[in-house]
Amino acid sequence: LKVLAQYDPIKDAGFTKGQTIPYLVLAKVLEKIEETSSRLLIVEYLTNLFRSIILLSPNELITAIYLCINKTGPSYGGKELGIGESILIKAVSESTGRTMEFVKQELKEVGDLGIIAQNSRSTQPQMFQPPPLTCQTVISTFRQIADLTGNASQKKKRDLIMKLLISCKDCEALYVIRSLQGKLRIGLAERSVLLAVAKAVLVTPPNQSVCLDARRLKSLYKAPEEFEEKLLETTKKVTRAYSQLPNYDLLVPQLLKENGLESLLENCSLKVGIPVKPMLAQPTTGISQVLDRFENMEFTCEFKYDGERAQIHMTEDGKISVYTRNLEDYTQKYPDILQNVPKFITPGVKSFILDCEAVAFDPQTQKIMSFQVLSTRARKSVQLDQIKVPVCVFAFDLLFLNGKSLVDETLQKRREVMKENFQEASGIFSYAKFNNCTDIAEIQIFLEEAITGNCEGLMVKTLTEKSMYEPSRRSYNWLKIKKDYLQGMTDSLDLVPIGAWYGKGKRTGVYGAYLLACYDEDSDEFQTVCKIGTGFSDELLTSFTEALTPHIIPNARSIFRVNDQLKPDLWFNPIQVWEVKAADLSVSPIHTGGSGIVDPVKGIALRFPRFVRVRPDKNPEDATSSEQVVEMYKNQKINNTNTATAKDED
Ligand code: ATP
């Protein structure tokens, strides 16, 4: 409370009521965030900015949030920034009156185009001083840029970027350029933004003439713990609302209503047509761990199908959409699912959201086919008559039906409602096979049945108590048992290539080995876990070289957490996710994944990593988190205390 009271949201705002927020105010907050690694401070800076906005210019809160998370709209809209480096270099060189060669040379030395833009004072004579940038101008220009497509778009994009750069002062150019590159790289995670929004709304309730100053806060919350409790409750509420309705354009207006917090969850729950981040499962090392976890709780086992997650929405007006795990719209990829929906809904169904796995299916043998077969289907769009790999939809959850959200119901209830309203249709739609097993022997038999049936293993889920659907959470109420674990393997990891070494010998001409990283959610940074050179066919190596070369960045040590001893020949912007298997995990003096958790300085590394496949359904930020890497390390059956610090096997 004391800290919050030191900031006066009106006097310290840097702008006045009725004035559109200068971009410099926001850029200065981003600068302060970049200078600290303390999450507490980061949230404090943002909270104060948002408090000022709530009091002085509430309509701009949405804009400020989007600029902080570097998005132009909801994450499922698909309009991304991430402008190619050559356009940005050209815009910087033209707006500052330097040659492209000069900027490129400087980039090699400095490694950050944003810093170059910030430091380059324009040498062009300017007749008129351009007006100061506002947050509104910046976001609307970003939106225009993201909307531009086609051949002529490059020049238009460059002109728009130059217009912004010419108006930049102080540190503005740094953040404009970084935003356009697609990543602010200031260690700001979206969850800190959400936390700050919740905190700001709590201490500066909208539509009241003054915010709660220190004196009022103290009289309202007699003890600091009371405030902490209220804050925790508010944060949970806001996070839950956002997980169900991941759209700030809808969430923020509700928060800005008088007493909006009180009615938040009633007004911001699941909406058909707006995809939610799916609920995810925790890995286990086997059946006994499951039984320990679910002791005295009712649970159920389901086949874990090996396909692609498909969240199917049907709105009241009959519009059907299919979204991936990543909230990408794959409706065009699955015209067969669209065609089949009327065959598996019953007449009373008007709208729904089903959580399913789309699995390759052989109609002749009536058997499930592997993920590899599914991945031969066209990725983006296909005509019905060109489909060579049919899919069967295996539904395992129903989140919404006929205007009503079901996420707060028990899984048992959701299943019942699903069965009443959806009917199985051979080779097209089926409920995920389940068995409410209770002991080891039963689970073992069901697991073997799943594996024989071409499934990856089992999902074990709470059935009654603590069984509500938790969008976007990796929940301990969903556990996965994969056949790999039983064979003594670790779970696979989903990692991001951030660097590469030139190939030698047979691999001359392509990158021969890659540096892979996990993602740290708290610091919003990529941390290395292994060098990998195994599991790649020649074709794959060629295609990765072609795909990643346009994403080379000059010097990434300031962006990624990398030990000085690791010296790849090239660095890449994080753009792909690869699934990788490893023999096991060990503490490493070289890699930084999860560093500071198991050991004060060392990180965790994968031993004997092997490439499995690309994960196009994951964004780099959906890669295995450093927390998960640590968890996997701890879960290993081997006694880690005896494991001498392993040398990097690579
Ligand atoms: P994660 O995102 O958890 O790392 P992943 O996408 O790599 O996961 P897994 O960890 O292997 O996948 O398992 C979770 C996935 O399993 C789900 O996202 C879903 O696509 C799939 N799945 C298959 N069958 C089921 C089921 N019965 N219940 C829930 N998910 C299932």
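Quick notes on the rules
- Residues numbered from 1 in each chain as written.
- Predicted model: local features only at pLDDT ≥ 70, side-chain atom pairs only at ≥ 80, totals over all residues.
- Heavy atoms only, no water.
- Patch = residues over 30% accessible without salt bridge, like charges linked within 9 Å, V, L, I, M, F, W, Y side chains within 5 Å.
- Areas by Shrake-Rupley, 256 points an atom, 1.4 Å probe, with all protein chains shown as cover.
- Salt bridge = Lys/Arg side-chain N within 4 Å of Asp/Glu carboxyl O.
- Lys, Arg positive; Asp, Glu negative; His and termini not counted.
- Charge placed at Lys NZ, Arg CZ, Asp CG, Glu CD.
- Helix = DSSP H or I, 4+ residues; strand = E, 2+ residues; numbered from the N terminus.
- Buried < 20%, exposed > 50% of the residue type's maximum accessible area, 1.4 Å probe, protein only.
- Arc of directions from axis to C-beta.
- Contact = heavy atoms within 4.5 Å.
- Pairing = 2+ DSSP bridges.
- Axes fitted to C-alpha atoms, helices over the stretch in contact; angles between N-to-C directions.
- Parallel < 35°, antiparallel > 145°, perpendicular 65-115°, else oblique.
- Left-handed = near helix turned anticlockwise from the far one by under 90°.
- Nonpolar A, V, L, I, M, F, W, Y, C, P; charged D, E, K, R; others polar.
- Core = buried A, V, L, I, M, F, W, Y, C linked by side-chain atoms within 4.5 Å.
- pLDDT = per-residue confidence, 0-100.

1. Some thoughts on a negative patch on the surface
Right, so step 1: On the surface, Glu225, Glu226, Glu228 and Glu229 cluster together into a negatively charged patch.
Right, so step 2: Inspection of the secondary structure puts Glu228 in helix H13 (residues 224–244).
Right, so step 3: Under the relative-accessibility criterion, Glu228 is labelled partly exposed at 47%.

2. A word on unusual backbone geometry
Right, so step 1: Unusually for a residue other than glycine, Asp170 sits at a positive phi of about 55°.
Right, so step 2: Its place among the elements puts Asp170 in the loop between helix H9 (153–167) and helix H10 (172–181).
Right, so step 3: Residue classification places Asp170 among the partly exposed positions, given a relative accessible area of 36%.
Right, so step 4: With a phi close to 50°, Phe608 is a non-glycine residue in the positive phi region.
Right, so step 5: Among the secondary structure elements, Phe608 is positioned in the loop between strand S20 (603–607) and strand S21 (610–614).

3. Description of helix H6 (residues 100–110)
Right, so step 1: What H6 keeps buried is the set Val103, Glu106 and Leu107. Buried residues of H6, seen end-on, are gathered within an arc of 105° and therefore sit on one face of the element. Every exposed residue of H6 that faces more than 90 degrees away from the buried side is listed here: Glu101, Lys108 and Glu109.
Right, so step 2: Its buried side turned inward, H6 meets helix H5 (85–96) and helix H7 (113–119).
Right, so step 3: Residue Gly111 follows H6 closely and has a positive phi angle near 85°.

4. Points about the sheet that holds strand S2 (residues 299–304)
Right, so step 1: With respect to topology, 5 strands assemble into an open sheet ordered S1-S12-S11-S2-S10, the strand pairing being mixed. Either end of the sheet is taken by a strand with one partner, and the two such strands are strand S1 (280–283) and strand S10 (434–435).
Right, so step 2: Examined bridge by bridge, S2 and strand S11 (residues 457–462) share 6 bridges and lie antiparallel to one another. Bridged to Thr300 within S11 is Lys461.
Right, so step 3: Docked against the sheet, helix H19 (residues 411–421) engages S2, S10 and S11, running at close to 55° with respect to S2.

5. Things to note about the environment of Pro278
Right, so step 1: By the element assignment, Pro278 lies in the loop between helix H15 (264–267) and S1.
Right, so step 2: C-alpha of Pro278 to C-alpha of Pro347: the two residues are 69 residues apart in sequence and 27 Å apart in space.
Right, so step 3: Dropping the residues within four chain positions of it, Pro278 is found in contact with Arg309, Arg325, Tyr469, Pro471, Ser472 and Arg473.

6. Side note on the environment of Arg610
Right, so step 1: Here Arg610 is to be found in strand S21.
Right, so step 2: Taking the C-alpha atoms as reference points, Arg610 and Phe434, separated by 176 residues in sequence, lie 32 Å from one another.

7. Considerations on the packing of helix H8 (residues 135–147) against H9
Right, so step 1: Look at H8 against H9: their axes get within 10 Å of each other, and the N-to-C directions meet at 165°. With respect to H9, the element H8 is oriented roughly antiparallel. Judged by the twist between their axes, the crossing of H8 over H9 is left-handed. From H8, Val138, Thr141, Phe142, Gln144 and Ile145 reach across to H9, where they touch Lys157, Leu160, Ile161 and Leu164.
Right, so step 2: Grouping the amino acids of the contact of H8 with H9 by side-chain chemistry returns 6 nonpolar, 2 polar and 1 charged.

8. Observations regarding the nonpolar core
Right, so step 1: By size, the foremost hydrophobic cluster in this structure holds 85 residues, and its most contacted members are Tyr23, Phe50 and Tyr248.
Right, so step 2: By residue number, the principal contributor to this core is helix H3 (residues 39–56), which donates 10 residues.
Right, so step 3: Not counting residues within four places of it along the chain, the set of residues in contact with Tyr23 comprises Leu67, Leu133, Thr134, Cys135, Val138, Glu172, Tyr175, Val176 and Ser179.
Right, so step 4: If you look at the next biggest cluster of nonpolar residues, it comprises 36 residues, including Val276, Val407, Ala432 and Val460.

9. Details of the pattern of salt bridges
Right, so step 1: The final tally for this structure, using the stated rule, is 32 salt bridges.
Right, so step 2: Linking Glu302 and Arg415 is a salt bridge whose minimum nitrogen-to-oxygen distance equals 3.1 Å. Linking Glu302 in strand S2 with Arg415 in helix H19, this pair joins segments that are 113 residues apart in sequence.
Right, so step 3: Here Arg615 ties to Glu579 by a salt bridge, and the two come within 3.9 Å at their closest N and O atoms. Of this pair, Arg615 sits in the loop between S21 and helix H23 (626–635) while Glu579 sits in strand S18 (residues 578–581), and the two are 36 residues apart along the sequence. Side by side, Arg615 and Glu579 carry an identical accessibility label, which is buried.
Right, so step 4: When salt bridges with common partners are traced through the structure, they connect Asp494, Glu579, Arg613, Arg615, Asp617 and Lys618 into a single cluster.

10. Re the confidence of the model for the chain
Reading predicted coordinates in detail is not appropriate for stretches of low pLDDT.
Right, so step 1: Chain-level statistics for the chain give a pLDDT mean of 90 and a share of 94% at 70 or above.
Right, so step 2: Across residues 638–650 the pLDDT falls below 50, and counting only partners more than four positions away or on other chains, this stretch makes 20 contacts in the model.
Right, so step 3: Here the prediction assigns the complex a pTM of 0.85, and the interface score ipTM is 0.96.

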